[in-house]
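Next come the chains, spelled out residue by residue.
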Amino acid sequence: MSSFEKAKTKYKNIGVDVDSALAALSEKPISIHCWQGDDITGFDSGGAGGGIQTTGNYPGKARNFQEMKADFEKACSLIPGKKRISLHASYAIFSQGEKPARNEIEYKHFAPWVDYAKELGIGIDFNPTCFGHPMVKDNLTLSSPDEAVRRFWIEHCVRSRQISNAIGEALDDEVLCNVWIPDGFKDIPADRKTPRMRLKDSLDEVFAEKLPNVIDCVESKVFGIGVESYTVGSNEFYLAYAAGKPDVYTLLDNGHYHPTESTADKIPSLLCFFDKIPLHITRAVRWDSDHVVLFDDEVREICKEIVRNNALDKVLVGLDFFDASINRIAAWVLGTRSVQKALLYALLMPHEMLKTAQDNAEFTKMMAVMEDFKTLPFGDVWTAYCEKQGVLPDGEWLDAVMEYEKKVLVNRK
Ligand code: RNT
Ligand code: ZN
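Nothing here was measured: the structure is a model prediction, and the numbers come from that model.

Peer 1: Run through the overall build of the chain, naming residues and quoting values.
Peer 2: Along the chain, the regular secondary structure elements total 14 helices and ten strands. Rg of the C-alpha trace for the chain: 22 Å, near the compact-globule value of 22 Å for 413 residues, within the 12% margin. For the chain, the spread of C-alpha atoms along the principal axes amounts to about 70 × 55 × 40 Å. Split into buried and exposed, the 413 residues of the chain put 54% on the buried side. Counting contacts in the chain only where the partners sit at least 6 residues apart, residues at least 24 apart contribute 80% of the total. Just so you have it, the chain exposes about 17,900 Å², and 52% of that area is on carbon and sulfur atoms. Treating the 49 positive side-chain charges of the chain as one cloud and the 62 negative ones as another, the clouds have centres 2 Å apart.

Peer 1: Mind laying out the nonpolar core, listing which residues take part and the relevant values?
Peer 2: The biggest cluster of nonpolar side chains holds 104 residues, and the ones touching the most others in it are Trp113, Leu279 and Leu348. With twelve residues, helix H10 (residues 328–347) is the single largest residue contributor to this core. If we skip the residues at most four places from it in the chain, Leu279 touches Leu251, Leu252, Ile267, Ile302, Ile306, Val315, Leu316, Val317 and Gly318. Among the nonpolar cores identified, the runner-up in size contains 22 residues, and Cys157, Val179, Ile181 and Val248 belong to it.

Peer 1: Lay out the site of ligand 1 with the relevant residues and their values.
Peer 2: As a structural note, the neighbourhood of ligand 1 is formed by Trp35, Ile52, His88, Trp180, Glu219, Lys221, Asp253, His256, His280, Asp288, Asp320 and Phe322. Between ligand 1 and His280 there is a distance of 3.2 Å, counted from an oxygen atom to a side-chain nitrogen or oxygen. Summarising the interface, the protein chains cover 99% of the accessible area of ligand 1, which totals 310 Å² for the free molecule.

Peer 1: Can you tell me about the coordination of the zinc ion (ligand 2), naming the residues and giving the values?
Peer 2: Protein-derived ligands of the zinc ion (ligand 2) are Glu219 (OE), Asp253 (OD), His280 (ND1) and Asp320 (OD), with the metal-ligand distances lying across 2.1 to 2.2 Å. If you look at the zinc ion (ligand 2), its six donor atoms make angles of 72 to 167° with each other, and the shape they trace is octahedral. One chain supplies every donor to the zinc ion (ligand 2), and in sequence these donors are spaced E-x33-D-x26-H-x39-D. You can see Glu219 sitting in strand S6 (residues 214–219) and its partner His280 sitting in strand S9 (residues 277–281), a full 61 residues away along the chain.

Peer 1: Outline the pairing of strand S4 (residues 175–179), supporting the account with residue identities and numerical values.
Peer 2: When you tally the buried positions in S4, you get five out of five residues, the bulk of the element. Burial along S4 is two-sided: the residues Val175, Cys177 and Val179 and Leu176 and Asn178 are all buried.

Peer 1: Which residues make up unusual backbone geometry, and what values do they have?
Peer 2: With glycine set apart, most residues show a phi of negative sign, and most peptide bonds adopt trans. At Asp39, a position not held by glycine, the phi torsion is positive, near 60°. In this structure, Asp39 sits in the loop between strand S1 (30–33) and helix H3 (65–76). Residue classification places Asp39 among the buried residues on the basis of a relative accessible area of 9%. A positive phi is found at Asn139, a non-glycine position, where the angle reads about 65°. For Asn139, the location among the structural elements is in the loop between strand S3 (123–127) and helix H5 (147–171). Its relative accessible area of 36% is what places Asn139 among the partly exposed residues.

Peer 1: Hey, could you go over helix H13 (residues 378–388) for me, with residue numbers and the actual values?
Peer 2: Residues of H13 that are buried include every one of Phe378, Val381, Trp382, Ala384, Tyr385 and Cys386, and no others. Looking at the buried residues of H13, the elements they touch are helix H1 (3–13), helix H2 (18–27) and H10. Remark: Gly390 follows H13 within two positions and exhibits a positive phi of approximately 70°.

Peer 1: A description of the environment of Cys303 should follow, citing residues and the corresponding values.
Peer 2: Here Cys303 lies in helix H9 (residues 297–308). Separated by 63 residues in the primary sequence, Cys303 and Ala240 place their C-alpha atoms 25 Å from one another. Excluding anything up to four places from it in sequence, Cys303 contacts Val339, Ala342, Leu343 and Ala346.

Peer 1: Please set out the packing of H10 against helix H14 (residues 397–407) residue by residue, giving values where relevant.
Peer 2: Viewed as axis vectors pointing N to C, H10 and H14 meet at an angle of 160°, and their least axial separation amounts to 10 Å. With respect to H14, the axis of H10 lies roughly antiparallel. As H10 packs across H14, the resulting crossing turns out to be right-handed. Only Trp397, Leu398, Val401 and Tyr404 of H14 make contact with H10, whose side of the interface consists of Ile329, Ala330, Val333, Leu334 and Arg337. Grouping the constituent residues of the contact of H10 with H14 by class yields eight nonpolar, no polar and one charged.

Peer 1: If you had to explain the packing of aromatic side chains to someone new, which residues and values would you point to?
Peer 2: A complete count under the given rule lists 20 aromatic pairs for this structure. Their ring planes at 15° and their centres at 6.5 Å tell us that Phe237 and Tyr241 sit as a pair that is stacked. Linking Phe237 with Tyr241, this pair stays in helix H7 (residues 235–243), spanning four residues, or about one helical turn. By relative accessible area, Phe237 is classed as buried at 13%.

Peer 1: Please set out helix H11 (residues 351–359) residue by residue, giving values where relevant.
Peer 2: Buried within H11 are the following residues: His351, Leu354 and Ala357. Seen end-on, H11 carries its buried residues on one side only, within an arc spanning 125°. The exposed set on the far side of H11, more than 90 degrees from its buried face, consists of Glu352 and Asp359. Contact partners of the buried residues in H11: H9, H10 and helix H12 (363–373). Following H11 by one or two positions, Ala361 has its phi on the positive side, about 60°.

Criteria and thresholds
Residue numbers run consecutively from 1 along every chain, following the written order of its sequence. Written order decides the labels, with chains lettered from A and ligands numbered from 1. Two thresholds apply to this predicted model, a pLDDT of at least 70 for residue-level local features and 80 or more for giving and counting side-chain atom pairs, whereas whole-chain, interface and lining totals are computed over all residues. Side-chain numbers here rest on the full set of heavy atoms in the structure, without hydrogens or water. In DSSP terms, a helix is any run of H or I states spanning at least four residues, a strand is any run of E spanning at least two, and both are numbered starting from the N terminus. Throughout, the radius of gyration refers to the C-alpha atoms, and the reference size of a globule is 2.2 Å times the residue count to the power 0.38. Using a 1.4 Å probe on the protein chains alone, a residue whose accessible area is under 20% of its type maximum counts as buried, one over 50% counts as exposed, and one in between counts as partly exposed. Only heavy atoms enter the contact rule, under which two residues are in contact if any of them lie within 4.5 Å. Calculation of accessible area relied on Shrake-Rupley with a 1.4 Å probe; when residues are assessed, cover is drawn exclusively from the protein chains displayed. Counted as positive: Lys and Arg. Counted as negative: Asp and Glu. His and the chain ends are not counted at all. Positions of charges follow a simple convention, taking NZ of Lys, CZ of Arg, CG of Asp or CD of Glu. Take the buried residues of types Ala, Val, Leu, Ile, Met, Phe, Trp, Tyr and Cys, join any two whose side-chain atoms come within 4.5 Å, and each joined set is a nonpolar core. Any residue with at least one heavy atom within 4 Å of a molecule or strand is counted as near it. Within 3.5 Å is the distance limit for a polar contact, defined as a pair of N or O atoms, with the added protein rule that one can donate a hydrogen and the other accept it, and that residues adjacent in sequence qualify only through two side-chain atoms. Each metal site lists N, O and S donors within 2.8 Å (3.2 Å for Na, K and Ca). With water left out of the atoms, a site can look as if it is missing ligands. A four-donor site is called tetrahedral if each angle lies between 85 and 135 degrees; a four-donor site is square planar, and a six-donor site octahedral, when trans pairs exceed 155 degrees and the remaining angles lie between 65 and 115; all other cases are labelled irregular. Convention adopted: a line fitted to C-alpha atoms gives each axis, helices being fitted over their contacting stretch, and angles between N-to-C directions are expressed from 0 to 180 degrees. Oblique is the label for any angle not covered by the other classes, which are roughly parallel (under 35 degrees), roughly antiparallel (over 145) and roughly perpendicular (65 to 115). Whether a crossing is left-handed or right-handed is set by the direction in which the near helix is turned from the far one by less than a right angle, anticlockwise for left-handed and clockwise for right-handed. Residue polarity follows a fixed list, in which Ala, Val, Leu, Ile, Met, Phe, Trp, Tyr, Cys and Pro are nonpolar, Asp, Glu, Lys and Arg are charged, and the others, Gly among them, are polar. Here is the rule: rings of Phe, Tyr and Trp (six-membered ring for Trp) pair when centre to centre is within 6.5 Å. Planes less than 30 degrees apart are stacked, more than 60 are edge-to-face, and the remainder are tilted. Working note: the arc is built from the helix axis to C-beta atom directions.

And the structure:
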């Protein structure tokens, strides 16, 4: 008997069917963020900013569309299951001599991405880029008191939604369009409400047009570097905003809450009221540092909540990390595979038995079953999944990345 067959029997003994877990996992798309490929530099000379930053200077980052495509494809070849690519507006592709402002971008600037997505057979998600730009004034965009600034970013977000819709039409798909803005103050504000009222008005304009191929969402945050004291788009603000708008959802980024808050626990709360929950899975080390996602407790808890609430089709799983200190392709592969591992881990749990135990107040049984589950042969199931999906298992994929680094990345000077 192979180790996989033995593992299957062990899971069967606790009432779990491994084959259906693997089938469910293979159907769940993960939206992989393009910005890990070049440290959020983008193609329109904007770069990061607005309280987010990469650290590190690992050689070989993608410098243009061609290089990013090649790198992303390399990563995809080592990642099992379904994928999507999450684009930022700053990754627009302009033809020679053309340089439209961010409030002038059009679908045609993303059509090459659509061709690429078609080639790979993957979907696209989209993000307006409201940072790393001279029109961010005094750390404000959609909440700015300067009407020219506010209008500029409203136009940018409107265009981003229209582009998302056109991408969705071209791919016969729905495109998640996520609005995150860096707006905030470094020091104690004198007025916390007026900027929020301006943001509310801006969002109303941004979301005014109904677009059938777009899933709209807003992403809150606690603080950023340089904007430590106050964030206009706080959790309460956006949660209330989304609750009042039937077509706007609130995105959970697990780096955007106070360190002892559980993002996993927010999922079942939101599921009581929303039919979709977009996620940015990241790893916050002491702050929203956006380290590469690992197969750790936090990610496992998030995935347990997705799976045990039968919400695989409701929770839109996206990634958001940017580490410039390690091989960027390995970062993509590790981060994505970690989330998939956590989903598989959750799919292998005997949720019905545990829920019944909870209802029967059998808390001793609950604790023991959860604890014993941890030493079941999960690794054998994951390895078998990688094999079935035709991707290298743990312990082998890194060689492929290193070979690519030697052949391709080191030549990028
Ligand atoms: C910033 C937000 C946001 C960005 C990306 C690049 O704190 O998490 O999602 O990381 O849009
Ligand atoms: Zn995020």
